[in-house]
Structures are given as C-alpha cells and as structure tokens.
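Understanding the architecture of this molecule
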Amino acid sequence: MNPLLELTQVGIEFPTPKGPFCALQNVNLKIAKGEFISLIGHSGCGKSTVLNIVAGLYQATTGGVVLAGKEVNEPGPERAVVFQNHSLLPWLTAYQNVELAVQQVFKGKKSKAEMKAWIEHNLNLVHMGHAMHKRPDEISGGMKQRVGIARALSMEPSVLLLDEPFGALDALTRAHLQDSLMEIQKDLNSTVIMITHDVDEAVLLSDRIVMMTNGPSATVGEILNIELERPRNRIQLADDPTYNKYRQQVLSFLYEKQRKVDDSMPVEKAKEPEKEQAAEKVA
Amino acid sequence: MNIALSNIAWLEPFVKVAKGENVAQNVQLITKTIGIPLVGILVFLMLWSAAANSIDTSLGKFPGPAQVLEQSKNLLAEHFAERERAEAFYERQEERNAQRVKDDPTYVPKIRDYTGKNTYIDQIGTSLVTVLSGFLLASILAIPLGIVIGLSANLHAAFNPVIQIFKPVSPLAWLPLVTMVVSALYVTDDPVVPKSFITSVVTVMLCCLWPTVINTAFGVATIPKDLVNVSQVLRLNWITHVRKIAIPASIPMVFTGLRLSLSIAWMVLIAAEMLAQNPGLGKFVWDEFQNGSSDSLGRIMVAIITIGLIGFFLDRVMLRIQRSVSWDKSATLR
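In this report, we go over the structure that sits alongside the text. (Residues numbered from 1 in each chain as written. Chains lettered and ligands numbered in written order. Predicted model: local features only at pLDDT ≥ 70, side-chain atom pairs only at ≥ 80, totals over all residues. Heavy atoms only, no water.)

Residue and element names in this part refer to chain A. Within strand β7 (residues 159–163), five of the five residues are buried, which leaves it mostly tucked inside the rest of the structure. Burial along β7 is two-sided: Val159, Leu161 and Asp163 and Leu160 and Leu162, pointing in opposite directions, are all buried. Inspection of the sheet shows β7 paired to strand β8 (residues 191–196) by five bridges, in the parallel sense. The partner of Asp163 across the bridge, within β8, is Ile195. Once the chain exits β7 it traverses helix α5 (residues 171–188) before rejoining the sheet at β8, and the crossover so formed is right-handed. (Buried < 20%, exposed > 50% of the residue type's maximum accessible area, 1.4 Å probe, protein only. Helix = DSSP H or I, 4+ residues; strand = E, 2+ residues; numbered from the N terminus. Pairing = 2+ DSSP bridges. Right-handed = clockwise from strand over helix to strand, strands pointing away.)

Have a look at this one:
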C-alpha cells in the first residue's frame, strides 16, 4: 500500500551563536490514509518540530516530506493545523473564523450558500452550532479548541495536524473533546498526526504511537501499534488488559528507556510527572 | 450604546439615592467620584487666586480665576456682537440688492462676504480644523507606513534610525523650512485656503506622524506567532493578511499611537499658529501678547484653559472611537 504521507531521513538544524543545533535527525515515518498517529515524547524532544516540518512552517535541513506524491516545502490548507492555544482570531466570531478558512480554500469552488452550509456543517460537527456567533473571548477554552478543530476540518485537509490540541484544557473537557475527535475521525476517515504528552490520550486515540527519543538530535525511538477495536470506550478500556499493556509500554519507554536526566531543565522535569498524574486520574 | 452606558454609570448613584436604595453606600460613591475631584479643583482655584494676586507684571496683576471668568464672558459677548453685526450687514446687502434689481431688472446682484474680525469662537474653529487636517493627513501617511514597516524586519531596521531622529524635532525647527517650501510650491492667484493654514497643517503633520508610525509598526510586528502561522497555513496573500490579520490585530496599538499623535498635534498647532500667523488660538495668544492691554493676560489665560479643555475633549473623542472599534472589550482603556 502506498503511504499518503512519507517522512524520509528528516533532520533539522537551528543556527545558534554556538554553531548549529541539531534538533532532529533521521526521522522516518510512513503514514497511510485514515491512520491516526500520535507523537509522544518528553518536552523539548522535537515533537512539535516534526509537526511544524510536516505543516511546512519549518524547512527540514536534511531529508524531506512527501504528501500524496508531492514534496512539502511551504504551509498550506491541505495540511491544516490545530494549534495548542486555539489561535482563533479574537476579533472574529466562531463562524467568521471558520469562514476565513473556507473562503480561502473554496474560493470559486463553492457558492456563497454552499460555503455558509459548509461552515455551519463543520461547526455542528464539533457541537458548536449553538454558539457559532460568539467571539473567542465569550466561550470557554474547550469551545475555542472545538472551533479550532472545526476550522481545520473545514479546509478538508489531506492530513490533520494537531499540536497538543487538548494540552491546555482541564481533564473533563479534554475527555469530552477526545471522544468528539474519535467520532469525527471515524466519520470522515481523516488522516491525523497528533502531538501529545498524555499517555492515555495517545493509547485511546491512536492506531500507532510514535515515541521520540530525547533531544538533541532526537529521532523516532519506537513505534507501537495499538490494535484495539474501534469504537473505543474509555470506561471499558480502563480494565482492559491489552489497553493497560500498551499504556505500560509507553510509560516504560518514557520513564525507563528515555528517562530525562537533563538537570539543566529542572522545571520541565518537575512538570512532566505532574501532567501524567493528572492524565491518569481521568482514565 | 457606549454614550448611554457611561451617562447612566455616573448618574446611577444619584438615581439610587433619589429612590432611597442603599443611600449611605451611594452617597459615599458620589463623594468619591464627584466630590473629591471637585475639592481638588476648588483647592487649585484658591491656590491660583492667591498666587496670581502676588505676581505683578507690567500689564498689571497676573490673572486670577475671577479675571479669567470675566474675560471669557467678554470674549463670548464680543463673538455674539460680531455675529449680530455680520447678520445686519447681510440684511442690509440683501435689501440693497433687492432695491437695485427692482430699479434695474438687468442688474445681477453681487454678494459680498462680511469681512469683520475673527472672534474667539471663530479662532477655536480654525484651530480645530487645522489640527484635524494635519492629524488626518499624518494618519493617512503613518498607518500604512507603520503596517509596511511592521511586516518586514528589514524595512523596520532601515526606517528606524530616520524615525528616531525626526521624532524629537520641535515644530519650531520645521516651521521656517515648511514656510519657505509652501511659499515656493503653493502659488496660486486665487488660493482656496490661506498659506498660513497649509504651513500650520504641514508642520502639525510632520510632528505628529511618528507616534502613529512607531506604534502601528510595533503592533504589526508583535502579532502573536500563532496568528501568523494561521495566516501561513491558510496561504493568505499579502493584502488579505494585512486586511484580515495585521490591521485588526494591531488596532489597539494603532490607537495608542493615534492618541499620542493627536495630543502632540494639538500642542504643536498652538506653536505653529503663533509663528505662521494662522488665525487660530495660537495667533490669538500671540496677538494678545503683542497687544499688551490690561486685559491681555486674562485673555491669554482663557486661551490656555480653552486649549487644555479642547485637548482633553479631543482625547476623550479618540477614546470613544477606540472603544467602539476595539475587539478586546476586556481591556481597560483610559
């Protein structure tokens, strides 16, 4: 089977006053259509950098990304990104935010009425139909993120890129949004790459979990296939031995094989376990 | 809506006291919002009055509040007297023309303008028109320039030294050059507006450009990275990026700049009018100074207070506009 998205020997160096800093090297990944991939790793391991290279926001120093037979070298709506901090335009309503994307992507392809229907369809998909004429400062964090997802989906992307989409949300809201995302992904059969810190989120949502080694010169450490039946139910899976085995495998990769030993970043170190605990409480 | 709200906001405690709701609390609120500023003003008036009494000049005592009040009344009275004279002039002219047409039907009546002196109110009008023209002209130049500079780090680096050098230049330094250039370039037999007006407007413009340029550029340059990324992912072209992202995102900073510019414009205008002899408040002050009558100092003091009040009023108007166009309703604008 031909992969939809292929990363070949991707590496990136950032210039610093002390000479080039190699953030990533030899990242190889093949992603099929309809696959849900999670990238997991410690802070600063270059997960976001991988995503930004796929998005076209960063240029790889070595290697490259090919999407549906075409090389990626600039950002574009066929690789829509949902950013961690929603990045909705604060002066536009939810509807107008999605409209900006739809007008840009479907200019000349859809009539005004079709566009309106398509915008509303996407907002309804993320259950934001009731608040589509509210501005970002009038809705909650979870709702903003829903609108962000609706905006990305409205571009009909070949690959949906999620950069820690639920990282800034409280545990309950996060669980809601994870369920919504699973539903949407099932309905649309979207190809998704998601960055996460959250082991449960990764196991629950993904077809494959890509675990990254610590930087500098980070790369793909292990890839774990999650062969759990869909639709997945978080409550049933909590007692499922297979689920717990996957979870344990990811945790052991993160905390045994790739244990953070960098003392120069004590804050980061302290933050990580905390997040894990919070995540465990949800499940 | 804004106007209604703010009106209600300060009237509210009075209404509540009248209704008998929370009397003690609302009386306290009234004292705090209206009483204390009033006390401040009264103390100032007393100090001013005492100080004025002890300063002697060759034109008599320094004007105190009483003289200022008297002179404001005089200036208003002069204005209305002048208006009456103008009306009487036009009436007489009309009568005369009607008579002449009656005597000789082929006569085409000429209408002559009344050429009485400018009153204080006229001068305020001239000053306002001049400052707003200069400010508008400056804004039309400064906002686009600021956006272009803000979008490109290289352009910013290129323009920044020039801006920083011209920013602190006093209007008085520009004025001789502007006067000469205007005299050389603005040559018509039938000028639509007087030269002194153009000179003042250009000087005001040159001095109040910079805050808007700098703040707009800063606003555009500091658009959150996330929003810039959104624009890139959507592949917005330059124009759309500016229209949909750069301008709305920098509106708060643009207005910070515009308000600074307008207050500078108003300060500069007075100096420019003094030297360019544009018939506004600046010229009024200068003429009174040259005039040297016993009323002059009082009249100048009236002008100073007028200038202060109008400056304050202009800033309030800008604040209103800023509030109505700002998307960030949670920000406190003052």
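We now examine the sheet that holds strand β4 (residues 62–67) of chain A. Residue and element names in this part refer to chain A. One open sheet accounts for four strands, arranged β2-β1-β4-β5; its pairing is antiparallel. What marks the edges here is a single partner per strand, and that holds for β2 (21–31) and β5 (70–71). The sheet contact formed by β4 and β5 spans two bridges and is antiparallel. Counterpart to Leu67 in the pairing with β5 is Lys70.

So, about the side chain of Arg146 of chain A. Residue and element names in this part refer to chain A. Among the structural elements, Arg146 can be located in helix α4 (residues 141–154). Despite its burial, Arg146 pairs with no opposite charge; the closest candidate is Glu183, at 8.3 Å N-O. Polar side-chain contacts of Arg146 include one of 3.2 Å to the side chain of Ser180. (Lys, Arg positive; Asp, Glu negative; His and termini not counted. Salt bridge = Lys/Arg side-chain N within 4 Å of Asp/Glu carboxyl O. Polar contact = N/O pair within 3.5 Å; in protein donor to acceptor, adjacent residues only side chain to side chain.)

What follows covers the interface of chain B and chain A. Taken residue by residue, the interface counts 15 residues in chain B and 24 residues in chain A. Carbon and sulfur atoms make up 68% of the surface buried where chain B meets chain A, a total of about 1,800 Å² over both sides. For the pair chain B and chain A, the interface holds two salt bridges. Among the salt bridges present, the one from Glu78 of chain A reaches Arg235 of chain B, with a minimum N-O distance of 3.9 Å. At the junction of chain B and chain A, the tally comes to three residue pairs in polar contact (both at pLDDT 80 or more). Breaking the side of chain B that touches chain A down by element, the ones donating at least two residues are α8 (225–233) and α9 (238–276) of chain B. (Contact = heavy atoms within 4.5 Å. Buried area = accessible area lost by both parts, 1.4 Å probe.)

What follows concerns the packing of aromatic side chains. Inspection of every chain in the model, using the stated rule, returns nine aromatic pairs over all chains. Centroid distance Phe106 of chain A to Trp118 of chain A: 6.1 Å. Interplanar angle 80°. Geometry classified as edge-to-face. Taken as a pair, Phe106 of chain A in the loop between α2 (94–105) and α3 (112–125) and Trp118 of chain A in helix α3 lie far apart in primary sequence, twelve residues in all. Note on Phe106 of chain A: relative accessible area 7%, which makes it buried. Exposure remark for Trp118 of chain A: the relative accessible area of 17% places this residue in the buried category. With a centroid separation of 5.4 Å and 55° between ring planes, the pair formed by Phe89 of chain B and Tyr114 of chain B is classed as tilted. Taken together, the residues Phe89 of chain B in helix α3 (residues 65–103) and Tyr114 of chain B in the loop between α3 and α4 (120–151) connect sequence positions 25 residues apart. What links up through ring pairs into an aromatic cluster is the set Phe89, Tyr90 and Tyr114 of chain B. Positioned above the aromatic ring of Trp118 of chain A is the side chain of Lys110 of chain A, whose terminal nitrogen or guanidinium carbon lies 4.9 Å from the ring centre. (Phe/Tyr/Trp six-rings, centres within 6.5 Å; stacked < 30°, edge-to-face > 60°. Lys NZ or Arg CZ within 6 Å of the ring centre and 35° of its normal.)

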